[in-house]
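# Coordinates in review
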Amino acid sequence: MLSLIILLFLSDPGHAQSKKVNTRIYESEATQEKSESFTAKVRVVRDISDEVEVFFDSDKARGAYTLPRKISSYATVLKQLQDSGEPGGSPVSVTADSEKRILSVEKSSSSGFKKKHEYDFGEIPDI
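Sequence order as written defines the numbering, with residues in each chain counted from 1. For a predicted model such as this one, the threshold for reporting local features is a pLDDT of at least 70, and the threshold for listing and counting side-chain atom pairs is 80 or more; totals across whole chains, interfaces and linings nevertheless cover every residue. Side-chain measures were taken over the full set of non-hydrogen atoms in the model, leaving aside hydrogen atoms and water.

## Section: the environment of Ala-61
- Helix and strand definitions follow DSSP, with helices as H or I runs of at least four residues and strands as E runs of at least two, each counted in order from the N terminus. In this fold, Ala-61 is placed in the loop between strand S2 (51-57) and strand S3 (64-68).
- Among the residues examined, Ala-61 registers a relative accessible area of 1% and is labelled buried.
- Taking the C-alpha atoms as reference points, Ala-61 and Ala-40, separated by 21 residues in sequence, lie 7.9 Å from one another.
- Any pair of residues with heavy atoms lying within 4.5 Å of one another is described as a contacting pair. Residues within four places of Ala-61 in sequence aside, it is in contact with Phe-38 and Phe-56. Relative accessibility under 20% of the residue-type maximum defines a buried residue, over 50% an exposed one, and the middle range a partly exposed one, all with a 1.4 Å probe and only protein chains included.

## As for the nonpolar core
- Only buried residues count toward a nonpolar core. Its members are Ala, Val, Leu, Ile, Met, Phe, Trp, Tyr and Cys residues joined through side-chain atoms within 4.5 Å. Membership of the largest hydrophobic core comes to 19 residues, with the highest contact counts inside it found for Phe-56, Leu-67, Leu-81 and Ile-102.
- Of all the elements in the fold, those that place two or more residues in this core are strand S1 (35-47), S2, S3, helix H4 (74-85), strand S4 (92-97) and strand S5 (102-107).
- Ranked by the residues each element gives to this core, the list is headed by H4, at four residues.
- Those residues in contact with Ile-102, other than ones at most four positions away along the chain, are Val-54, Phe-56, Tyr-65, Thr-66, Leu-67, Pro-68, Ile-71, Leu-81, Val-94, Thr-95 and Ala-96.

## Observations regarding the pairing of S2
- Should DSSP find at least two bridges between two strands, the strands are regarded as paired. One ladder, built from six bridges, connects S1 with S2; its direction is antiparallel. The partner of Arg-46 across the bridge, within S2, is Glu-53.
- Between S1 and S2, which pair antiparallel in sequence order, lie three residues.
- Here S2 pairs with S3 via five bridges, running antiparallel. Of the residues in S3, the one forming a bridge with Val-52 is Leu-67.
- In this structure, the hairpin formed by S2 and S3 is closed by a connection of six residues, where Gly-63 is found at a positive phi of approximately 90°.

Next comes the structure, spelled out in structure tokens:
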């Protein structure tokens, strides 16, 4: 008799639905791409077969980041990264996804480096 009551209790559709695992939370986390943004100076730009590896001189950006060749405006982004790696180059603002693939690069508005100024003193006046 007790086994019949337990069987009826477990076959209740309301009770069966409450035991289902809610996977919507996990599915929504999986679909959200987590990206990070940082500003740093480029240390090394290295060309490998299908992509370019980039290393930054920053505590926040550690390890190798990749620049896929299929990114839009690839040549412009690569040029900005190479210019930042030059001596006296300005830092760049980088957005990368969770797998360290570079999504976008912009020149930083405040470089923090002093530029050489050329002064024009004009002509020496006659006294």
